[in-house]
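Chain residues, written in single-letter form:
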Protein chains: 2
Amino acid sequence: MNFFIVHAHAEPQSFNGALTYQAREVLEAVGHEVIVSDLYAMQFDPVSDRRNFTSQKDPDYFKQQVEESHATEVDGFALDIKAELEKLEWCDVLIFQFPLWWFGLPAILKGWVDRVFVMGRIYGGGKWYDNGVFQGKKAMLSLTTGGPRTMYSEIGLNGDIHSILFPINHGILRFVGFDVLPPFIVWGASRIGDERRQAYLKEYQQRLLTIPQTPAIAYPSLADFDENFQLKPSALESD
Amino acid sequence: MNFFIVHAHAEPQSFNGALTYQAREVLEAVGHEVIVSDLYAMQFDPVSDRRNFTSQKDPDYFKQQVEESHATEVDGFALDIKAELEKLEWCDVLIFQFPLWWFGLPAILKGWVDRVFVMGRIYGGGKWYDNGVFQGKKAMLSLTTGGPRTMYSEIGLNGDIHSILFPINHGILRFVGFDVLPPFIVWGASRIGDERRQAYLKEYQQRLLTIPQTPAIAYPSLADFDENFQLKPSALESD
């Protein structure tokens with residue numbers, strides 16, 4: 001299988017760095033292909049505007065989705081976007097590796113999504129959720145937190161981690177069709193000792209090698225919604 | 001009162017632009033002071049790393065929070081960060097004006113948070129949530145969506161908008177102590193006609209002028225949590 005890891009950490013010696021380094025080794029050792037976009041090392045530019053395009057549909061008013069649809073037709077994406085689109089379309093498994101910053105993606109990774117997940121080629125015209133471009137492919141978040149697990153429980157101070165990650169798991173990854181696997185989370189990465197970190201590395205190795213057998217997070221299907229995009233009463237009944 | 005609007009849209013003629021333009025006019029007309037950080041116009045750089053600092057605590061390993069705490073002590077923030085910190089500390093009301101991109105902040109605005117909300121000066125050492133630096137001050141999201149309101153209901157295809165905004169409202173604004181007001185949301189901004197847009201502008205005007213009387217979103221208090229940051233059973237009882 002083809003693995004694409006989008007890696008967002010400024011410090012190569014960080015634990016995020018160790019997780020991605022190991023992921024490449026472990027996956028390649030069993031015959032998978034791995035591409036890593038190390039966003040800081042690439043000096044990836046996360047700001048979205050006309051710089052995303054070599055083409056131009058409307059010179060007087062910039063609407064990103066209009067320009068994206070146009071660029072899809074005329075092959076008008078800037079070189080940095082084109083390179084990432086090709087990796088994205090090549091992969092069977094997409095992994096985001098990042099430290100949770102302000103309960104979301106670091107800007108360099110959020111901007112990678114803003115710029116690369118383009119209308120036309122990646123979504124739009126009925127291609128979304130279980131009808132999305134990446135249906136049948138898998139995606140997974142791998143992240144580190146500052147605080148301990150208890151802070152992110154359903155009754156924790158910071159709120160439930162699955163709610164916090166919903167806009168990313170559902171709103172980004174599921175939106176474009178991926179089957180989204182449960183996140184791999186290292187809790188309080190900078191507060192734990194080397195022994196615990198080694199155990200996390202082993203656990204991650206296991207997670208990576210069992211991706212094909214790992215059940216995806218269950219989300220309702222497009223067919224469960226009515227013409228106003230409301231869940232049908234029948235879908236609310238448990239079965 | 002002092003209003004600080006952090007504005008994130010690449011197109012000055014956009015409806016986001018109209019909302020911020022009007023906000024300044026309306027607020028100044030009744031005697032408030034208004035500062036706008038127009039992130040695209042400023043070419044704000046949202047990438048966080050050593051560029052945030054003129055000081056350096058550890059040259060061998062970059063850990064952002066360590067560098068932030070150090071920079072707080074030695075006044076070691078880069079000029080662009082220093083300028084934003086001063087506006088942030090000056091304001092009584094903070095407003096984020098943005099289009100909802102991939103169910104979150106556009107990267108240029110997420111990076112503004114990543115870089116400006118620094119450990120030491122803005123949070124840390126027990127300064128968080130209702131004990132935060134900005135306690136008693138107010139913050140509000142003002143945003144536009146691509147899809148209609150129905151898509152963002154509790155049973156809507158995209159998920160409940162309040163859950164989607166929780167990581168921003170609670171995890172960013174409340175985390176540093178702001179009283180967070182309900183968001184102002186323009187639904188399907190590019191699909192509605194001029195008449196509806198005019199009505200939205202009027203509604204926003206009203207929202208801005210009634211900010212002092214608007215009740216904040218109710219979040220539990222730090223005192224409601226035990227030493228493991230779990231909500232105490234007593235706080236779960238309704239009263």
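Description of the structure in this document.

Cut-offs used in this document
- Residues numbered from 1 in each chain as written.
- Chains lettered and ligands numbered in written order.
- Predicted model: local features only at pLDDT ≥ 70, side-chain atom pairs only at ≥ 80, totals over all residues.
- Heavy atoms only, no water.
- 1 Å grid on protein atoms, 1.4 Å probe; cavity = no way out; pocket = protein on both sides within 12 Å on 5 of 7 lines; lining within 4 Å.
- Points joined across faces, edges and corners; volume = space filled by probe spheres on them.
- Helix = DSSP H or I, 4+ residues; strand = E, 2+ residues; numbered from the N terminus.
- Contact = heavy atoms within 4.5 Å.
- Buried area = accessible area lost by both parts, 1.4 Å probe.
- Salt bridge = Lys/Arg side-chain N within 4 Å of Asp/Glu carboxyl O.
- Polar contact = N/O pair within 3.5 Å; in protein donor to acceptor, adjacent residues only side chain to side chain.
- Nonpolar A, V, L, I, M, F, W, Y, C, P; charged D, E, K, R; others polar.
- Core = buried A, V, L, I, M, F, W, Y, C linked by side-chain atoms within 4.5 Å.
- Buried < 20%, exposed > 50% of the residue type's maximum accessible area, 1.4 Å probe, protein only.
- Pairing = 2+ DSSP bridges.
- Right-handed = clockwise from strand over helix to strand, strands pointing away.

## What about empty space enclosed by the protein?
Gaps left between atoms show up when a probe the size of a water molecule is rolled over them.
Move 1: Under the counting rule described, the total for this entry stands at three cavities of 30 Å³ or more.
Move 2: In this structure, the largest cavity occupies an estimated 200 Å³ of space.
Move 3: Looking at the lining of the largest cavity, the elements with two or more residues in it are helix 5 (161-174) of chain A together with helix 5 (161-174) of chain B.

## Quick notes on the interface of chain A and chain B
A common way to report how large an interface is uses the accessible area buried once the components associate.
Move 1: Counting from both sides, the interface comprises 55 residues of chain A and, opposite them, 55 residues of chain B.
Move 2: Buried surface at the junction of chain A and chain B, summed over both partners, amounts to about 4,500 Å²; 68% is from carbon and sulfur atoms.
Move 3: For the chain A face of the interface with chain B, the top three residues by lost area are A:W102, A:I155 and A:L157, together amounting to 19%.
Move 4: Counting across the interface, chain A meets chain B through zero salt bridges.
Move 5: Applying the counting criterion to the chain A and chain B interface returns 24 residue pairs in polar contact (both at pLDDT 80 or more).
Move 6: Partitioned by chemical class, the residues of the side of chain A that touches chain B number 33 nonpolar, 16 polar and six charged.

## Topic: the nonpolar core
Move 1: A:W112 and B:W112 are the most contacted members of the largest nonpolar core, which totals 155 residues.
Move 2: Discounting residues that sit within four places of it in the chain, A:W112 has contacts with A:F4, A:V6, A:L39, A:F44, A:E84, A:L88, A:F96 and A:F117.

## Points about the pairing of strand 1 (residues 2-7) of chain B
Residue and element names in this part refer to chain B.
Move 1: Across the six residues that make up strand 1, a large majority, six, are buried.
Move 2: Across the two faces of strand 1 the burial is the same, with N2, F4 and V6 and F3, I5 and H7 all buried.
Move 3: Pairing geometry for strand 1 and strand 2 (residues 33-38), over six bridges, is parallel. In the strand pairing of strand 2, H7 is matched with D38.
Move 4: With helix 1 (residues 15-29) bridging strand 1 and the parallel strand 2, this β-α-β connection has right-handed handedness.
Move 5: Summarising the sheet, strand 1 and strand 3 (residues 93-99) pair through five bridges and their orientation is parallel.

## Comments concerning the pattern of salt bridges
Oppositely charged side chains can pair when the atoms bearing their charge come close.
Move 1: Within the structure shown, the criterion is met by 22 salt bridges over all chains.
Move 2: Here A:K82 makes a salt bridge to A:D75, at a shortest N to O gap of 3.5 Å.
Move 3: Taking the shortest distance from any N to any O, the salt bridge between B:D80 and B:R115 comes out at 3.0 Å. Separated by 35 residues along the polypeptide, B:D80 in helix 3 (residues 79-90) and B:R115 in helix 4 (residues 107-116) bring together distant segments of the chain.
Move 4: The partly exposed category is assigned to B:D80, whose relative accessible area is 31%.
Move 5: B:R115 sits in the buried class, given a relative accessible area of 2%.

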